[in-house]
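Take a look at the letters that make up each chain.
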Amino acid sequence: MGIGEPAHPDVAEVLISAERIQARVKELAAEIARDAAGQDLHLVVVLRGGVILAADLVRELPPPVSMDFIAISSYGSETRSSGVVRIVKDLEDTVEGRYVVVVEDIVDTGLTLNYLTNLLRDRGVAALEVCALLDKPTARRVPAEVRYVGFTVPEAFVVGYGLDYKQRYRGLPFVGTLRPEVQESPAPPGVPPRL
Ligand code: IMP
């Protein structure tokens with residue numbers, strides 16, 4: 001992106017640049033690798049938003065590391081979590097006795113993470129840590145322990161690097177806010193509920 005060029009026509013402000021994210025992901029991977037040394041590291045990636053972070057993290061982590069995916073849906077408006085969650089796609093592999101790191105895009109109210117960590121503990125993980133690109137601590141409704149946080153952000157709705165608005169903008173390499181007129185536009189036909 002050249003100087004003065006808009007990051008994307010729908011973006012109001014870039015909060016975290018692609019360069020900062022890439023540098024921070026390397027640091028997070030180094031911390032995880034150090035803490036998990038000698039363990040059978042297993043990443044539980046939360047679909048869909050955690051995919052971008054997981055893809056970058058896993059390439060920075062020393063092998064062997066395994067990955068599995070879970071999709072949890074929360075019912076609510078496009079920009080607020082309702083707190084009602086259910087599993088849409090379950091894990092394929094067992095987590096029993098394993099050293100698990102959950103990979104999430106953002107911890108907002110903490111409700112999704114709370115549900116997921118309870119589930120993984122019930123399934124008998126040996127160790128459980130959480131890595132999230134973003135943390136919005138002021139939005140918390142239930143406590144959430146996030147050991148590896150990329151960046152702390154204020155209570156604004158953000159998109160990019162895995163985070164969506166109506167399933168769009170996940171591929172932006174930076175994190176930013178949307179212009180208000182974009183957020184108010186009606187959903188295109190056929191767009192499924194948020195995962
Ligand atoms: P929770 O409120 O902590 O349960 O957050 C659940 C999910 O809401 C996250 O994994 C995101 O997918 C989504 N979410 C929360 N805040 C944002 C945001 O600012 N932008 C896009 N998605 C968000």
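Located above this text is the structure these notes cover.
Residues numbered from 1 in each chain as written. Predicted model: local features only at pLDDT ≥ 70, side-chain atom pairs only at ≥ 80, totals over all residues. Heavy atoms only, no water.

A. The sheet that holds strand E8 (residues 158–159), seen in detail. Spatially, three strands are ordered E1-E9-E8 in an open sheet, and the strand pairing comes out antiparallel. At either margin of the open sheet sits one strand with a lone partner, and together these are strand E1 (11–16) and E8. Pairing of E8 with strand E9 (residues 175–178), which is carried by two bridges, proceeds in the antiparallel orientation. Of the residues in E9, the one forming a bridge with Val159 is Gly176. (Pairing = 2+ DSSP bridges. Helix = DSSP H or I, 4+ residues; strand = E, 2+ residues; numbered from the N terminus.)

B. Representation of the packing of helix H1 (residues 18–35) against helix H2 (residues 50–58) within the structure. As a packed pair, H1 and H2 sit with axes 9 Å apart at the nearest point and diverge in direction by 65°. Helix-helix and strand crossings are classified by hand; for H1 and H2 the assignment is right-handed. Here Gln22, Val25, Leu28, Ala29 and Ile32 of H1 come into contact with H2, specifically with Leu53, Asp56 and Leu57. Classifying every residue of the contact of H1 with H2 by side-chain character gives six nonpolar, one polar and one charged. (Axes fitted to C-alpha atoms, helices over the stretch in contact; angles between N-to-C directions. Left-handed = near helix turned anticlockwise from the far one by under 90°. Contact = heavy atoms within 4.5 Å. Nonpolar A, V, L, I, M, F, W, Y, C, P; charged D, E, K, R; others polar.)

C. View of the nonpolar core. Counting residues in hydrophobic clusters, the biggest one holds 28 residues, and the most contacted among them are Leu57 and Leu134. Elements with a contribution of two residues or more to this core: H1, strand E2 (41–47), H2, strand E5 (99–107), strand E6 (127–135) and strand E7 (148–152). Among the elements that take part in this core, H1 stands out by supplying five residues, more than any other. Val85, Leu91, Leu116 and Leu128 belong to the second largest nonpolar core, which has 20 residues in total. (Core = buried A, V, L, I, M, F, W, Y, C linked by side-chain atoms within 4.5 Å. Buried < 20%, exposed > 50% of the residue type's maximum accessible area, 1.4 Å probe, protein only.)

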